[in-house]
Amino acid sequence: MKRERATRLLADMITRLEGGDWPLGLVEEVYVFGSYARGALEPNDVDVVIEHGTDKRWLGESLHASINGRDSYVGMRQALRGRTRGISFQFRGSSSLQGEGFDLFLLWRKGEPFSLARERLASLTADPEAGTAPRDHMLPEFEGLESLVPRPARIELFGRHTEGKISITPLRLVDGQLEDPEAAWHVRRRWVETSPLRRAATCALVALEQRGVDLGEVTLHGQRLFGREQQAERCFVDLGWNGFGYMGRLLDDGVTWVEVLRPHRSKPMDALLIEPRSGR
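Heads up: these notes are all about the structure in this document.

So, how was this worked out
Residues numbered from 1 in each chain as written. Predicted model: local features only at pLDDT ≥ 70, side-chain atom pairs only at ≥ 80, totals over all residues. Heavy atoms only, no water. Helix = DSSP H or I, 4+ residues; strand = E, 2+ residues; numbered from the N terminus. Rg over C-alpha atoms; globule rule 2.2 N^0.38 Å. Buried < 20%, exposed > 50% of the residue type's maximum accessible area, 1.4 Å probe, protein only. Contact = heavy atoms within 4.5 Å. Areas by Shrake-Rupley, 256 points an atom, 1.4 Å probe, with all protein chains shown as cover. Lys, Arg positive; Asp, Glu negative; His and termini not counted. Charge placed at Lys NZ, Arg CZ, Asp CG, Glu CD. Pairing = 2+ DSSP bridges. Axes fitted to C-alpha atoms, helices over the stretch in contact; angles between N-to-C directions. Salt bridge = Lys/Arg side-chain N within 4 Å of Asp/Glu carboxyl O.

Next up on the list: the overall build of the protein. When helices and strands are tallied, the protein shows 10 helices and 10 strands. Against the compact-globule benchmark of 19 Å for 280 residues, the protein has a radius of gyration of 20 Å, which places it among compact chains. Seen along its three principal axes, the alpha-carbon backbone of the protein occupies a region of about 55 × 40 × 35 Å. The buried share among the 280 residues of the protein stands at 49%. Look at the contacts in the protein between residues 6 or more apart in sequence, and 61% of them connect residues 24 or more apart. Total accessible area on the protein is roughly 14,000 Å²; 48% of this is exposed by carbon and sulfur atoms. Distance between charge centroids for the protein: 3 Å, based on 39 positive and 41 negative side chains.

This is the structure in structure tokens:
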């Protein structure tokens, strides 16, 4: 993206933080790092670290999300960036990033005036020599999909792949009709016809059917397919990294993971088929 757009995204995020609505009132520190912070004219995205506290509501909703196979940070991401894309968030990751040698630029700390955050943002000027740094924790399977795999996911998958614990297969999803009528009904019940999640779910399930997967063993975006709870869970289909916080435990339990990288109403969609390797 152009640097000007990246700056607008950060300025809008500061305005949302200033509003202080829950859960943004929990945010304690905001850092910027990566190519934008170095001055790149066309950063791939804006890398932001959020440090935050918790309250009773946060703990309760996080527990509920974990139990239901969802990412507890979905709400905070949406509150921070609104309906736009282009900011890649990492939560409670400043210490680990600094340990890896990343330079973090403090944008705002709780108790400071937001005018100071805007002054700091304005101080991050363009540097034509900065360029875009290569992404870390890359695998050949991510080629061409780099912008669709957030850094925390790259780290998780890179580590498991290099240890031989998983295989990763990129998939180009195609539109089609589900053969399983119960699965098709489940998708129609959950999402309206124009929803990108409905299309993404259908395409992912069609791909699994074509691979001979029993859809009765599938959890779709946090819910078992209707009437199938009595069967063992063998595959988890996630739409847009909403359940990422659940991934590690399921892979450890031998569950295959299908990640639809960016659900869309009409554009081509890609997915990653992540399969645990037995005997590891």
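Read across the open sheet, the 6 strands follow the order S5-S10-S9-S8-S6-S7; overall the sheet is mixed. The open sheet has two free edges, formed respectively by strand S5 (166-173) and strand S7 (223-224), since each of these has just one partner strand. Both strand S8 (residues 235-239) and strand S9 (residues 256-260) contribute to a ladder of 5 bridges, which runs parallel. By the bridge assignment, Phe236 is partnered in S9 with Trp257. Along the sheet face, helix H10 (residues 244-252) touches S5, S8, S9 and strand S10 (269-276) and points at about 155° away from the line of S9.

Evaluated as defined, the whole model comprises 14 salt bridges. Note that Arg160 is salt-bridged to Glu156, the shortest N-O span being 2.7 Å. One end of the pair is Arg160 and the other is Glu156, both in helix H7 (residues 151-162) and 4 residues apart, which spans about a single turn. Overall, Glu156 belongs to the partly exposed group, its relative accessible area being 27%. Between Asp270 and Arg172 there is a salt bridge whose closest N-O contact spans 2.9 Å. Pair noted here: Asp270 is in strand S10 and Arg172 is in strand S5, with a separation of 98 residues, a long-range link. One salt-bridge network, in which partners are shared between bridges, spans Glu100, Asp136, Arg151 and Arg154.

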